[in-house]
Amino acid sequence: MMYVALGVVGFGAFLLLCKLLWSGQRPSKNTRIILIASLVLVGVLGVLVMLSRMPWFVAAVTMLVPFLRVIGSLIRTTVSIVLLRHIQTLFRNIPGFGPSTFNPHTAPPHNADSKTQTTELSMKLNHQTGTMTGTVLVGKFEGCDLESLSDEDLLKVYQTLREEESKRLLEAYVARHRPHLNETTNETNEPPDGDDMSLKRAADILGIDITATKDEIVSAHRRLMDKLHPDKGGSSYLAAELNAAKKVMLDATG
């Protein structure tokens, strides 16, 4: 009678483990139940082995069966991580390849914004969203954010700008966020002169450190170009700025 009771309890624990571990649910949601069922099954199998009612290898296989799916998943994950690391090692020294090439979900660098500034405007580009923001630094609207200005006020700011670079920056903002004003601002496509760009400004535009490596420079340029290319709703001026910044930084790295 005792063996029948042990068999029923053990079989029940076995079926419960199979149901929990082989279903589509996450095991973490039933951790306590899985632990209790596992202890019960181990206890029953241990008693049966000690009483010579079951060979030890049969008990071991019986205990492993419910966990085969979990074990297989862990093996696949481990193999994938090892292979990825080997691939990264092989491609590490190839220009343009970096961790983000193999893992698209890699977090952006700590400096996740590109910044550029004139005496009249301060502009910032968020790498993740592609959103441009800016602040007026002089005149009637000094201290005002561009996104807070009405279309009429934005045109007034444009009309008061004196520097060509400031105008091109505002035109780039308009082209990206208020394209219906393009005809009024009449965006120019004159590219910036890379020879006049400082290393610090180039680094700010690309959103990387002055000491960045060639791979980091190329990666930052490619990532931003994907968001700011004219064919993707960006601006010719901003694309030219990125190209100039890349040239300045690559020249500086020798």
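Another aspect to go through is the confidence of the model for the protein. In the predicted model, the protein carries a mean pLDDT of 75, and 72% of its residues have values of at least 70. Within the protein, helix H5 (residues 99-102) has the poorest average pLDDT of any element, 48, and strand E3 (residues 132-136) the best, 90. The low-confidence segment residues 100-110, where pLDDT is below 50, has 13 contacts with residues more than four positions distant or belonging to other chains. Contacts of residues 186-191 to residues separated by more than four positions or lying in other chains number 14 contacts, the stretch itself having pLDDT below 50.

With that settled, consider the sheet that holds strand E1 (residues 113-117). If you trace the three strands from one edge of the open sheet to the other, you get E1-E2-E3, paired in antiparallel fashion. Every other strand in the sheet has two partners, leaving E1 and E3 as the edge strands with one partner each. Across this sheet, the average inter-strand angle for adjacent strands is 15°, counted without regard to direction. Two strands pair when backbone bridges link them, and E1 and strand E2 (residues 121-126) are joined in this way by five bridges, in the antiparallel orientation. The residue of E2 that forms the bridge with Ser-114 is Leu-125.

Enumeration over the complete set of coordinates arrives at three salt bridges. Across the salt bridge formed by Lys-200 and Asp-204, the nearest N and O atoms sit 3.1 Å from each other. Residue Lys-200 and its partner Asp-204 are located together in helix H9 (residues 199-206), separated by four residues, close to a single helical turn. Looking at Lys-200, the relative accessible area reads 53%, which means it is exposed. The partly exposed category is assigned to Asp-204, whose relative accessible area is 24%. Here Lys-247 and Asp-251 are joined by a salt bridge, their closest N and O atoms 3.1 Å apart. With Lys-247 and Asp-251 both in helix H11 (residues 236-253), this residue pair falls four residues apart, about one helical turn. Using a relative accessible area of 46% as the deciding quantity, one classes Lys-247 as partly exposed. Residue Asp-251 is classed as exposed on the basis of its relative accessible area, which comes to 52%.

All right, on to the packing of helix H6 (residues 151-160) against helix H7 (residues 164-177) then. As a packed pair, H6 and H7 sit with axes 9 Å apart at the nearest point and diverge in direction by 155°. When the axes of H6 and H7 are compared, the pair comes out roughly antiparallel. Handedness of the crossing formed by H6 with H7: left-handed. Facing Leu-154, Val-157 and Tyr-158 of H6, the residues of H7 in contact are Lys-167, Leu-170, Glu-171, Tyr-173 and Val-174. Class assignment of the residues belonging to the contact of H6 with H7 gives a composition of six nonpolar, no polar and two charged.

Relative to the helices and strands, Leu-15 is located in helix H1 (residues 2-22). Taking relative accessible area as the criterion, Leu-15 reaches 43% and is therefore assigned partly exposed. Each C-alpha atom, one on Leu-15 and one on Ala-37, is 9.4 Å from the other, the two residues being 22 residues apart in sequence.

A few words on the packing of aromatic side chains. A complete count under the given rule lists one aromatic pair for this structure. On the numbers, 6.0 Å between centres and 90° between planes, the contact of Trp-56 with Phe-57 is edge-to-face.

Okay, the packing of H1 against helix H2 (residues 31-50) next. Axis angle and axis distance: for two packed helices, these are the angle between their axes and the distance between the axes, and together they describe the pair. Packing of H1 against H2 brings their axes to within 9 Å, and their N-to-C directions diverge by 145°. The two elements H1 and H2 cross, and the hand of that crossing is left-handed. On H2, the residues touching Tyr-3, Leu-6, Val-9, Gly-10, Ala-13, Phe-14, Leu-16, Leu-17, Leu-20 and Leu-21 of H1 are Ile-33, Ile-34, Ala-37, Ser-38, Val-40, Leu-41, Val-44, Val-47 and Leu-48. The residue inventory of the contact of H1 with H2, partitioned by class, reads 17 nonpolar, two polar and no charged.

The rules behind these values
- Residues numbered from 1 in each chain as written.
- Predicted model: local features only at pLDDT ≥ 70, side-chain atom pairs only at ≥ 80, totals over all residues.
- Heavy atoms only, no water.
- pLDDT = per-residue confidence, 0-100.
- Helix = DSSP H or I, 4+ residues; strand = E, 2+ residues; numbered from the N terminus.
- Contact = heavy atoms within 4.5 Å.
- Pairing = 2+ DSSP bridges.
- Axes fitted to C-alpha atoms, helices over the stretch in contact; angles between N-to-C directions.
- Salt bridge = Lys/Arg side-chain N within 4 Å of Asp/Glu carboxyl O.
- Buried < 20%, exposed > 50% of the residue type's maximum accessible area, 1.4 Å probe, protein only.
- Parallel < 35°, antiparallel > 145°, perpendicular 65-115°, else oblique.
- Left-handed = near helix turned anticlockwise from the far one by under 90°.
- Nonpolar A, V, L, I, M, F, W, Y, C, P; charged D, E, K, R; others polar.
- Phe/Tyr/Trp six-rings, centres within 6.5 Å; stacked < 30°, edge-to-face > 60°.

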